[in-house]
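Summary of the model geometry
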Amino acid sequence: MQNKFWALAMAGAIAAVSAAATPLPARADINVSGMGNYCSLTWPGGGWSFASMPDGGDPCGWLIAQSQPGYTIQRKGLYSPNGLNNVVVRCNATGSWVGIYRGIGNGPLTAAFNSANKEKQTSCIFTVAPAALPVFTSPFSLGAAYSHGTGFDFARGTIATLDVSQFGQPGSHAANTVDWKGRDRTGYINDHAGHDWGMPQGTPIRAVADGVVISARDWAMPKPCFANNPSKVQKEVSIRHVVRGSKGYYEQFVTYYAHLSSYQVAEGQKVVQGQLLGLSGMTGCASAPHLHFGTLRETNTANNRFETLHFYPWPQHSDGNSFVVDAWSFDAPKGFDPWAYRAYPAGALSITLWKNGQAPSVGTW
Ligand SMILES: [Zn+2]
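These numbers were taken from a predicted model, which means no experiment stands behind them.

His192 (NE2), Asp196 (OD) and His292 (ND1) make up the full set of protein donors to the zinc ion, lying at 2.0 to 2.1 Å. Donor residues for the zinc ion, ordered by position in the chain, follow H-x3-D-x95-H. Residue classification places His192 among the buried residues on the basis of a relative accessible area of 4%. Given a relative accessible area of 0%, Asp196 falls into the buried group.

Now for unusual backbone geometry. Between Tyr344 and the following residue, Pro345, the backbone shows a cis peptide bond with an omega angle of 10°. The phi torsion at Asn92 lies on the positive side, around 75°, for a residue other than glycine. The topology assignment puts Asn92 in the loop between β5 (84–91) and β6 (97–104). Since its relative accessible area comes to 25%, Asn92 is described here as partly exposed.

Turning next to the state of the cysteines. Where two cysteines share a covalent bond between their sulfur atoms, that bond is called a disulfide. A complete count under the given rule lists three disulfides for this structure. Note that Cys39 is cross-linked by a disulfide to Cys60, the S-S spacing being 2.0 Å. In this structure the cystine formed by Cys39 and Cys60 twists about its S-S bond by roughly 100°; its chirality is therefore right-handed. Of this pair, Cys39 sits in strand β2 (residues 36–42) while Cys60 sits in helix α1 (residues 59–65), placing them 21 residues apart in sequence.

A few words now on the side chain of Glu298. With respect to the element layout, Glu298 can be found in the loop between β18 (290–297) and β19 (299–301). Looking at Glu298, its side chain comes within polar contact range of the side chain of Arg240, at 2.7 Å. When sequence neighbours within four positions are dropped, the list of residues in contact with Glu298 reads Arg240, Gln252, Val254, Arg305, Phe306, Glu307 and Leu309.

Here the focus is the sheet that holds β6. Taking strand neighbours across the sheet as the criterion, the three strands line up as β6-β5-β7 in an open arrangement whose pairing is antiparallel. Edge positions in the sheet fall to β6 and β7 (125–130), since each of these pairs with one other strand and no more. This sheet shows a mean twist of 15° between the axes of neighbouring strands, independent of strand direction. With respect to the sheet, helix α2 (residues 107–118) is in contact with β5, β6 and β7, its orientation differing from that of β6 by roughly 155°.

Further remarks concern the packing of aromatic side chains. The final tally for this structure, using the stated rule, is 19 aromatic pairs. Ring geometry for Trp43 versus Tyr71: centroids 6.3 Å apart, planes at 70°, classification edge-to-face. With Trp43 in the loop between β2 and β3 (48–53) and Tyr71 in the loop between α1 and β4 (72–79), this residue pair connects regions lying 28 residues apart in the sequence. Overall, the relative accessible area of 16% leaves Trp43 in the buried class. Judged by its relative accessible area of 32%, Tyr71 is partly exposed. One aromatic cluster is present, built from ring pairs that chain together Phe136, Phe140, Tyr146, Trp197, Tyr257, Phe293, Trp328 and Trp354. Geometry around Tyr344 places Arg90 over its ring, the cationic atom sitting 3.7 Å from the centre.

Okay, the sheet that holds β4 next. Across the sheet, three strands lie side by side as β3-β2-β4; this open sheet has antiparallel pairing. Edge strands, defined here as strands with exactly one partner in the open sheet, are β3 and β4. For this sheet, the mean inter-axis angle between neighbouring strands, taken without regard to orientation, is 10°. For β2 and β3, the ladder comprises six bridges, and the chain directions are antiparallel.

Under the criterion given, the structure shown has nine salt bridges. As a salt-bridge pair, Arg185 and Asp179 come within 3.2 Å of each other at their nearest N and O atoms. Judged on exposure class, the residue Arg185 and its partner Asp179 are both buried. Via salt bridges that share partners, Arg102, Lys181 and Asp331 belong to a single interconnected network.

Rules used in this analysis
- Residues numbered from 1 in each chain as written.
- Predicted model: local features only at pLDDT ≥ 70, side-chain atom pairs only at ≥ 80, totals over all residues.
- Heavy atoms only, no water.
- Donors = N, O, S within 2.8 Å, 3.2 Å for Na, K, Ca; no water.
- Buried < 20%, exposed > 50% of the residue type's maximum accessible area, 1.4 Å probe, protein only.
- Helix = DSSP H or I, 4+ residues; strand = E, 2+ residues; numbered from the N terminus.
- Disulfide = S-S within 2.5 Å.
- Polar contact = N/O pair within 3.5 Å; in protein donor to acceptor, adjacent residues only side chain to side chain.
- Contact = heavy atoms within 4.5 Å.
- Pairing = 2+ DSSP bridges.
- Axes fitted to C-alpha atoms, helices over the stretch in contact; angles between N-to-C directions.
- Phe/Tyr/Trp six-rings, centres within 6.5 Å; stacked < 30°, edge-to-face > 60°.
- Lys NZ or Arg CZ within 6 Å of the ring centre and 35° of its normal.
- Salt bridge = Lys/Arg side-chain N within 4 Å of Asp/Glu carboxyl O.

Quick look at the structure:
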């Protein structure tokens, strides 16, 4: 049985800090080792360059040292030198030439470079992401009673419907809800930008990784969502996580925990992985007790090196955010993460962010 329950975690999401092009101060960061670094530069007039260093060196510095002035660092981030990576290359002033590549180590990066170079494309921007960057632990005890409802929908915004045969799955040629396996999930909540797990009121909710609380608030909605829940105040917490590799290269994420019955952290507070944030509940836009868990990328999204988080006004939901991603990645039998390139200028590459054995069950989702 499809379980549509609980609806709509988030109407307004997430506070924010505008994207800064300066290095972030050290603060509750997560350090990872063994990652490669990549850099994508452009120049006015159509010039571009792209380099990667699997040993964690500084490809931006290397490119800049041998380049003309006037460049813009379009993307700069982490990839896996030995694991699976996804690459989107977008060229021309309008970004109309697009290449997508998936493979091990430098393979897809090199293929993307060679393809754009061979075809003499201009203004090329390369966005790279490892398929996995395992830094999260479960936001609740995996021994607790819980069950998954609706998950992350890859079919939203300008790609509101997708043909799931492109992902090697049976189902509709115009599915309005598509999960991380490329499956047709029509009937579940459409455009949902996170995962819902039903659980008893009062279940401890914990930080999935070290980070800084960027919002902990009673978010007041103008009216209740559900007749069975008159609450107009949603208790919710957002945490920023900076995942640092070497030479100043990093990726940045925000996790979002909604419908809490209470929270015990405050904006600006550093938290460590596993720290108690609050207790689950059904405040705000919920028809039954559950946790809505969302993940957002702030670095190296489809159209930006940095994104800026916004509050969204009622009744808009988080699907308006260009940078929401699935912490399970996109892993269909075939095809490529559609939200990462077809939704351009929205979208971002999803990444498996769970540590081994730490992903909560998504049931049949
Ligand atoms: Zn939800």
